[in-house]
Amino acid sequence: MQKLFSSVGRHEWDLPLGYIPDMRVSGRLFLSDSLFESLEEGAVRQLANVATLPGIIGHSFGMPDIHWGYGFPIGGVAAFSEEEGIISPGGVGFDINCGVRMITTPLSVSDLGSREDIIGRLYQQVPTGVGSKSAFRLSASALDDLLALGSKWAVSEGYGLPEDCIRCEEGGYMKEAAPENVSEKARKRGIPQCGTLGSGNHFLELQVVSEIRDHEAAKTFGVKEGNVCCMIHCGSRGLGHQVCTDHLKTLEKATKKYGITLPDRQLSCAPLTSPEGESYFGAMAAAANYAWANRQIITHQVRTLFESAFGISPSEMPLVYDVAHNVAKWEMHTIDGSDKRVCVHRKGATRAFGPGRPELPEIYQRTGQPVIIPGSMGTASYLLAGTETAMEKTFGSTCHGAGRVSSRKEAKKAVRGAAVSADLKKQGIIVRAPSGDAIAEEAPEMYKSSDEVIRVVHEAGLSRIVARMMPLGVIKG
DNA sequence: ATGTTC
């Protein structure tokens, strides 16, 4: 695959116009030589397919964790102009605003006591698994407020601290949310699931900060070596999935209506200025808000448990940041020397805004935004900072994690959950999940190393390593 | 990712 590309910088490669017909811009892939070995032809094809979409600006980008997805590659980034551009659910993903947040604690590993005990209590507190339901009751009118205001709604209901919201992208909610564009079916799925983790690679993990690489930024982010922290990775559950399904149907028709020709029907889309495009945007934003509220309520559950287990107050467990890695957003970017409003799709990619961006809270103005990249189960996670280079090269974007190397089906054939758990326990890592299969599918060896993906984004300048965290215990769906 | 195939 590598010979298709030309080198244009450190770990930076160009997929030229003409790889497939009708590309409007070239592809731009960030990858090391060793990661090229596992690059799928299908993902390259998808990178090129995205480059044919109307109104695309700059390049169709692939992050080093790129892999084959629905329509767009996972690890894909594309920005579209306000005038000519489109919006596509394939560029967001089914799990709208799947994302990650990180909370610090003042505890050291020895303060935790029995890891089995605390992980067991977290497992009881936070429902996990496919179709899991929350003890938390949400009325239909509360759901409307939640869809409009995300984390801000959750905090106003008492599930968090006021400063939590400013430590989320968008302040914890997208103002463009249009709850009225979320179907009854999606609402029905969403009502019982708020405050639940879901399944697959979603997790809640206790980690220890094992290494600090940038002491100044770590201090600003409130991260200390040897301290325990908590990482939460989840999304918009059945509600977001249903929003995607519903709008794919209308956008498939809209694609025809507006005379857009596509190399792949999974790229169904509509002009950003069309009623269909605007309707999806509003529904997507509402689903994104659901995901922020979901992560906020889970945060509250964790803080409540830690308060009773260790006697520490919620304010001693501040949020470092909350990042979205499946979403499309309006952002201002400098293009050919002038500021332009563009719609940036990040699908399995994380915003990595550098210092001085007005979207960032005052505390992170000098460092750039915290970028949270989870590892697979049992492997390191990273905290990084956004950079000026990301602003210049990738519309302020970086990777989102380590990609799979084996399918879920292959994983279940290859390993047994009990054996994976036993192996991790030998390393001192406790795992709780509703089924053995859930653990087998997520076994560390079924994923690429996050270390290599992180090395590429750091060396390419798309973000800067601040700290590395190792898992202590994890609950999975 | 997902009431794991309306």
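Our subject is the structure that appears above.
Residues numbered from 1 in each chain as written. Chains lettered and ligands numbered in written order. Predicted model: local features only at pLDDT ≥ 70, side-chain atom pairs only at ≥ 80, totals over all residues. Heavy atoms only, no water.

A. Main features of the overall build of chain A. In terms of helices and strands, chain A carries 14 helices and 19 strands. Relative to the globule expectation of 23 Å for 477 residues, the C-alpha radius of gyration of chain A, 21 Å, shows essentially globular dimensions. Seen along its three principal axes, the alpha-carbon backbone of chain A occupies a region of about 60 × 50 × 50 Å. In chain A, buried positions account for 62% of the 477 residues. Contacts spanning at least 24 positions in sequence make up 77% of the contacts within chain A whose residues lie at least 6 apart. Split by element, the accessible area of chain A, about 17,400 Å² in all, is 50% carbon and sulfur. Positive and negative side-chain charges of chain A, numbering 51 and 54 respectively, have mean locations separated by a distance of 5 Å. (Helix = DSSP H or I, 4+ residues; strand = E, 2+ residues; numbered from the N terminus. Rg over C-alpha atoms; globule rule 2.2 N^0.38 Å. Buried < 20%, exposed > 50% of the residue type's maximum accessible area, 1.4 Å probe, protein only. Contact = heavy atoms within 4.5 Å. Areas by Shrake-Rupley, 256 points an atom, 1.4 Å probe, with all protein chains shown as cover. Lys, Arg positive; Asp, Glu negative; His and termini not counted. Charge placed at Lys NZ, Arg CZ, Asp CG, Glu CD.)

B. Expanded view of the sheet that holds strand S4 (residues 56-67). Ordered by their spatial adjacency, seven strands build an open sheet running S1-S2-S3-S4-S5-S13-S12, and the pairing between neighbours is mixed. With one partner strand each, in any of the chains shown, strand S1 (6-9) and strand S12 (326-335) form the two edges of the open sheet. Neighbour to neighbour, the strand axes of the sheet diverge by 30° on average, direction disregarded. Sheet topology note: the strand S2 (residues 12-15)/strand S3 (residues 27-30) ladder contains four bridges and is antiparallel. For Leu15, the partnering residue across the bridge sits in S3 and is Gly27. Against the sheet, helix H9 (residues 275-310) touches S12 and strand S13 (338-347), its axis set at about 110° to S12. (Pairing = 2+ DSSP bridges. Axes fitted to C-alpha atoms, helices over the stretch in contact; angles between N-to-C directions.)

C. Layout of the protein's contact with DNA strand B. Taken together, 15 residues sit near DNA strand B, with Arg189, Ser199, Gly200, Asn201 and Arg237 positioned nearest. A share of 57% of the atoms of DNA strand B within 4 Å of the protein falls on sugar and phosphate groups. Between Gln193 and DNA strand B, the recorded distance is 2.8 Å, taken from a side-chain N or O atom to a phosphate oxygen. At 2.7 Å from a phosphate oxygen of DNA strand B is found a side-chain nitrogen or oxygen belonging to Arg237. Going through the elements one at a time, helix H6 (184-190) and helix H8 (237-257) are the ones with two or more residues in the surface near DNA strand B. Here the element with the most residues in the surface near DNA strand B is H8; it accounts for three residues. For the surface near DNA strand B, the residue count by class is two nonpolar, eight polar and five charged. (Near = heavy atom within 4 Å. Polar contact = N/O pair within 3.5 Å; in protein donor to acceptor, adjacent residues only side chain to side chain. Nonpolar A, V, L, I, M, F, W, Y, C, P; charged D, E, K, R; others polar.)

D. Broad picture of helix H14 (residues 450-460). All of the buried residues in H14 are Ser450, Glu452, Val453, Ile454, Val456, Val457 and Ala460. One side-chain oxygen at the N-terminal end of H14 lies 3.0 Å from the backbone nitrogen of Asp451; it belongs to Ser449. Looking at the residues trailing H14, positive phi occurs at Gly461, about 90°.

E. Expanded view of the nonpolar core. Residues Leu29, Leu146, Leu204, Leu206, Met284 and Phe306 are the most contacted members of the largest nonpolar core, which totals 118 residues. Residues Tyr321, Leu360, Ile439 and Val474 belong to the second largest nonpolar core, which totals 39 residues. (Core = buried A, V, L, I, M, F, W, Y, C linked by side-chain atoms within 4.5 Å.)

F. Expanded view of the environment of Gln365. Position of Gln365 among the secondary structure elements: in the loop between strand S14 (350-351) and strand S15 (370-373). Taking the C-alpha atoms as reference points, Gln365 and Val228, 137 residues apart in sequence, are found 25 Å from one another. Setting aside residues no more than four positions away along its own chain, Gln365 makes contact with Pro355, Gly356, Arg357, Pro358 and Leu360.

G. Structural detail: H9. The terminal C-alpha atoms of H9, which comprises 36 residues, lie 52 Å apart, in line with the 52 Å expected from a rise of 1.5 Å per residue. Among the 36 residues in H9, 27 count as buried, and that is most of the element. Positive backbone phi, at 70°, marks Gly311, one or two positions downstream of H9. (Expected span 1.5 Å × (residues − 1).)

H. Local environment of the packing of helix H4 (residues 140-156) against H9. Between H4 and H9, the shortest axis-to-axis distance is 7 Å and the interhelical angle comes to 45°. Judged on the interaxial angle alone, H9 and H4 are oblique. Like other packed secondary-structure pairs, H4 and H9 cross with a definite hand, here left-handed. Facing Leu143, Leu146, Leu147, Ala148, Leu149, Gly150, Ser151, Trp153, Ala154 and Val155 of H4, the residues of H9 in contact are Ala286, Asn289, Tyr290, Trp292, Ala293, Gln296 and Ile297. Of the residues that constitute the contact of H4 with H9, the class distribution is 13 nonpolar, four polar and no charged. (Parallel < 35°, antiparallel > 145°, perpendicular 65-115°, else oblique. Left-handed = near helix turned anticlockwise from the far one by under 90°.)

I. Representation of unusual backbone geometry in the model. The backbone phi angle of Asp22 is positive, close to 70°, even though this residue is not glycine. What makes Asp22 exposed here is its relative accessible area of 65%. Positive phi, close to 65°, is recorded for Glu170, a residue that is not glycine. Along the chain, Glu170 turns up in the loop between helix H5 (162-166) and H6.

J. Region of the structure containing the layout of surface pockets. Within this model, the largest pocket holds a volume of roughly 1,200 Å³. As for the largest pocket, its lining consists of 42 residues, and the residues nearest its centre are Asp95, Gly200, Asn201, His202 and Arg408. By residue number, the principal contributor to the lining of the largest pocket is H8, which donates three residues. Taken together, the residues of the lining of the largest pocket break down into twelve nonpolar, 21 polar and nine charged. Roughly 350 Å³ of internal volume is contained in the second largest pocket. (1 Å grid on protein atoms, 1.4 Å probe; cavity = no way out; pocket = protein on both sides within 12 Å on 5 of 7 lines; lining within 4 Å. Points joined across faces, edges and corners; volume = space filled by probe spheres on them.)

Take it as geometry only, folks, not as evidence of what the structure does.
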